[in-house]
Amino acid sequence: MKRAALFVIAGPVGIATYGLVRLWGRSDGVYGPGLDWQAAHLVALAGMVCFVPGVLALSHLLPRTPWRTGVVAGTLVGLVATMVQFGADIVEGLLADDRKEMSRLGASFKDIPGVEVAFYDVVPQFFFLGLLVLAGMLAARRRLPWWSVPLLLAGIVLPAVDLDLLPVGGLCMALALTPALPLVRQRGERAESPVAVR
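Here the structure is a predicted model, which means the values were calculated and not measured.

Colleague: Hey, could you run me through the pattern of salt bridges in this one?
Modeller: Any two side chains of opposite charge can pair if their charged atoms end up close together. Applying the stated criterion across every chain yields a total of three salt bridges. Residues aspartate 164 and arginine 22 are paired through a salt bridge, measuring 2.8 Å at the closest nitrogen-oxygen approach. Here aspartate 164, found in the loop between α7 (148–161) and α8 (166–177), pairs with arginine 22, found in helix α1 (residues 4–26); they are 142 residues apart in sequence, far enough to count as distant. In this structure, arginine 104 engages glutamate 101 in a salt bridge whose closest nitrogen and oxygen atoms are separated by 3.7 Å. Of the two residues, arginine 104 and glutamate 101 both sit in helix α4 (residues 99–110), three residues apart, roughly one turn of that helix. Of the residues examined, arginine 104 reaches a relative accessible area of 47% and is grouped as partly exposed. A relative accessible area of 22% places glutamate 101 in the partly exposed class. One connected set of salt bridges, linked through shared partners, spans Arg22, Arg26 and Asp164.

Colleague: So what exactly am I meant to see when it comes to the nonpolar core here?
Modeller: Met48, Phe51, Leu58, Leu152 and Val184 are the most contacted members of the largest nonpolar core, which has 43 residues in total. Of all the elements in the fold, those that place two or more residues in this core are α1, α2 (35–59), α3 (66–95), α6 (125–140), α7, α8 and α9 (181–192). With eight residues, α2 is the largest single contributor of residues to this core. For leucine 58, the contacting residues outside a window of four places in its chain are Val8, Leu134, Leu138, Leu177, Ala180 and Val184.

Colleague: Please explain a nonpolar patch on the surface as it appears in this structure.
Modeller: Residues Val77, Val117, Val122 and Phe126 make up a contiguous nonpolar surface patch of about 310 Å² in total accessible area. Position of valine 122 among the secondary structure elements: in the loop between α5 (115–121) and α6. A relative accessible area of 37% places valine 122 in the partly exposed class.

Colleague: What should I look at first to understand the state of the cysteines in this one?
Modeller: A covalent bond bridging the sulfur atoms of two cysteines is what the word disulfide describes. A full pass over the atoms with the stated rule returns zero disulfides. You can see cysteine 50 has no disulfide; the closest cysteine sulfur is in cysteine 172, sitting 20 Å from it. Classification of cysteine 50 as buried rests on a relative accessible area of 18%. We classify cysteine 172 as buried; its relative accessible area is 11%.

About the thresholds
Residues numbered from 1 in each chain as written. Predicted model: local features only at pLDDT ≥ 70, side-chain atom pairs only at ≥ 80, totals over all residues. Heavy atoms only, no water. Salt bridge = Lys/Arg side-chain N within 4 Å of Asp/Glu carboxyl O. Helix = DSSP H or I, 4+ residues; strand = E, 2+ residues; numbered from the N terminus. Buried < 20%, exposed > 50% of the residue type's maximum accessible area, 1.4 Å probe, protein only. Core = buried A, V, L, I, M, F, W, Y, C linked by side-chain atoms within 4.5 Å. Contact = heavy atoms within 4.5 Å. Patch = residues over 30% accessible without salt bridge, like charges linked within 9 Å, V, L, I, M, F, W, Y side chains within 5 Å. Areas by Shrake-Rupley, 256 points an atom, 1.4 Å probe, with all protein chains shown as cover. Disulfide = S-S within 2.5 Å.

Below, the structure written as structure tokens:
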């Protein structure tokens, strides 16, 4: 679909917007629970949802191979884990009356066996690693320029260093993936064009 190109950019824009709303929420020294917390995490969740069709659209620029399938599967598994994490944050924000109670609810959730590994420490990283590998595969096929890979890496690493850099990280990710948009659009147009009757 033509709108696949929109999803490719909407994911990184969601990360950048999440970072901006988070900075706004922290500006008064009180961040969560409340409107600012919910708005930030809802935007982040929407961005993660947009990454699903975005990743699939990018993968379709590559030939179908077991390697591509494995990378995409790992990326999507990481995305689902990340969505669960943001969903848990939203629920905890709704149930808690203050920051202390929200932290207690979060700790209770993480105390469930396997939750911390599945939704926080390990599996969500599959998304970022998979996206980076996918970009490398696209660059190797000249579907992306070489500089997209280090720029995407910067977009992933910067927020890990400091969450206040989320807007910069999201912008880096968007700029890294932008060169693929014309190819994604062309593929969508070919898919939507009527098949000639013989």
